[in-house]
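Now for the letters of each chain:
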Amino acid sequence: MRKTFVSWDDAEADREWKCLSLLATHAPGIAPRPISREFDGDAPVVVMERLVGDPLPLEPATDEQIEALGRTLRRVYAVPLAWIKEAGLPERRFGPTVIADALRDAVARPSDLRECVDPDLVRRAIDGASAHLATSDAVPLPRLTAMGIADLNPANVLWDGTNCRLVDFEDGGLTEPAFELADHVEHIASRMASVYDPQGLVAAVGLSGEETNRFEDYRLLWAIFWLTMLLPGNGAFARNPRGTIEAQADHVQELLIYRERDRTVTGPAARNNRSGN
């Protein structure tokens, strides 16, 4: 299969090649085997093995599929960090060290909400997100401990009836498992269809208790990310049905309420300690 990239922005072709090469060596069989790098005119091309399987449908994954996906992701996260660094793989796009600043910029940007079905609801969610991002313990201390795919849109998970294999590593790179899993369950395509059961996927991957706490913190950040992506003027607003941003605003507010209850029970100091801040 030939994958042609439209530009050199963010080194997508390089990321894809390095991720696939690392997996071919350390976790063979769960991603396409890279064959060659070429050019189509000025566009970079990665030639890779074609995999067997069908994309996960936009419906709740079965327990068998979640268990299989957990096994696959464990193999991705187990690629030795020394080899990842030696390969020169950079941090994934919107990675742990940059997402907080990116979100603060996004929620501070003026938005014309008149196209929304319920502008007041969306505004309350944006204001709540902005207030959360201004708190001292909003973001866990970033860790770069593993390699991740970054985009686990269900279309990028191939199911053959027994195993899950992964495609599309153009945004992949250094990350941490808790950050990745939060991204996966909050991806708008998977969340709106309830494809990934959050706790089921966390259990299938085998996150520790401390990592699970970080996962919950990161879930709120990724929910805010999609809230900003769905704002009028952005491509995701036009691509999704009317009412999608309102559903996302409700979701963000629910997570903010959960977070505030958690803070009340444990206290900011406890949360800082458990998150590594």
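The coordinates are above.
Residues numbered from 1 in each chain as written. Predicted model: local features only at pLDDT ≥ 70, side-chain atom pairs only at ≥ 80, totals over all residues. Heavy atoms only, no water.

Student: It is not clear to me how the overall build of the protein should be interpreted in this structure. Could you clarify?
Tutor: Helix and strand content of the protein: 12 helices and eight strands. Computed over the C-alpha atoms, the radius of gyration of the protein is 19 Å, within 12% of the 19 Å expected from 2.2 N^0.38 for a compact globule of 277 residues. Structurally, the protein occupies a C-alpha span of about 50 × 40 × 35 Å along its principal axes. Across the 277 residues in the protein, those meeting the buried criterion constitute 51%. Across the protein, every contact between residues at least 6 apart in sequence was considered, and the portion connecting residues at least 24 apart equals 78%. Accessible surface, the protein: about 12,600 Å² in total, of which carbon and sulfur atoms supply 52%. (Helix = DSSP H or I, 4+ residues; strand = E, 2+ residues; numbered from the N terminus. Rg over C-alpha atoms; globule rule 2.2 N^0.38 Å. Buried < 20%, exposed > 50% of the residue type's maximum accessible area, 1.4 Å probe, protein only. Contact = heavy atoms within 4.5 Å. Areas by Shrake-Rupley, 256 points an atom, 1.4 Å probe, with all protein chains shown as cover.)

Student: Looking at this structure, how should I read the packing of aromatic side chains?
Tutor: Centre distance and the angle of the planes are the two values used to describe a pair of aromatic rings. As enumerated under the stated definition, the model contains five aromatic pairs in all. Each ring, one from Phe179 and one from Tyr218, has its centre 4.8 Å from the other, and the planes form 85°; the classification is edge-to-face. Of this pair, Phe179 sits in helix H6 (residues 177-186) while Tyr218 sits in helix H9 (residues 209-229), and the two are 39 residues apart along the sequence. Judged by centre distance (5.3 Å) and plane angle (65°), the ring pair of Phe179 and Trp222 falls under edge-to-face. Note that Phe179 is positioned in helix H6 and Trp222 in helix H9, a separation of 43 residues in sequence. (Phe/Tyr/Trp six-rings, centres within 6.5 Å; stacked < 30°, edge-to-face > 60°.)

Student: Looking at this model, I keep getting lost on a negative patch on the surface. Mind explaining?
Tutor: Taken together, Asp118, Asp120, Asp250 and Glu254 make up a surface patch of like negative charges. If you trace the backbone, Asp118 turns up in the loop between helix H4 (99-108) and helix H5 (119-133). On the accessibility criterion, Asp118 (32% relative accessible area) is partly exposed. (Patch = residues over 30% accessible without salt bridge, like charges linked within 9 Å, V, L, I, M, F, W, Y side chains within 5 Å. Salt bridge = Lys/Arg side-chain N within 4 Å of Asp/Glu carboxyl O. Lys, Arg positive; Asp, Glu negative; His and termini not counted. Charge placed at Lys NZ, Arg CZ, Asp CG, Glu CD.)

Student: Got a minute to help me understand the sheet that holds strand S3 (residues 43-48) in this structure?
Tutor: Paired through backbone hydrogen bonds, the strands of a sheet run either parallel or antiparallel to each other. Spatial ordering of the open sheet is given by S1-S3-S2, a layout of three strands whose pairing is antiparallel. Single-partner strands in this sheet number two, and they are strand S1 (2-4) and strand S2 (34-40). Within the sheet, the average angular offset between the axes of one strand and its neighbour, ignoring direction, is 25°. Here helix H1 (residues 12-26) sits on the sheet in contact with S1, S2 and S3, set at roughly 165° to S2. (Pairing = 2+ DSSP bridges. Axes fitted to C-alpha atoms, helices over the stretch in contact; angles between N-to-C directions.)

Student: What am I meant to see in the pairing of S2 here?
Tutor: Where a strand is regular, its side chains alternate between the two sheet faces. In terms of strand pairing, S2 meets S3 through six bridges, oriented antiparallel. Along S3, the bridge assignment pairs Phe39 with Pro44. Between the antiparallel neighbours S2 and S3 lie two residues, among them Gly41 with a positive phi of about 70°.

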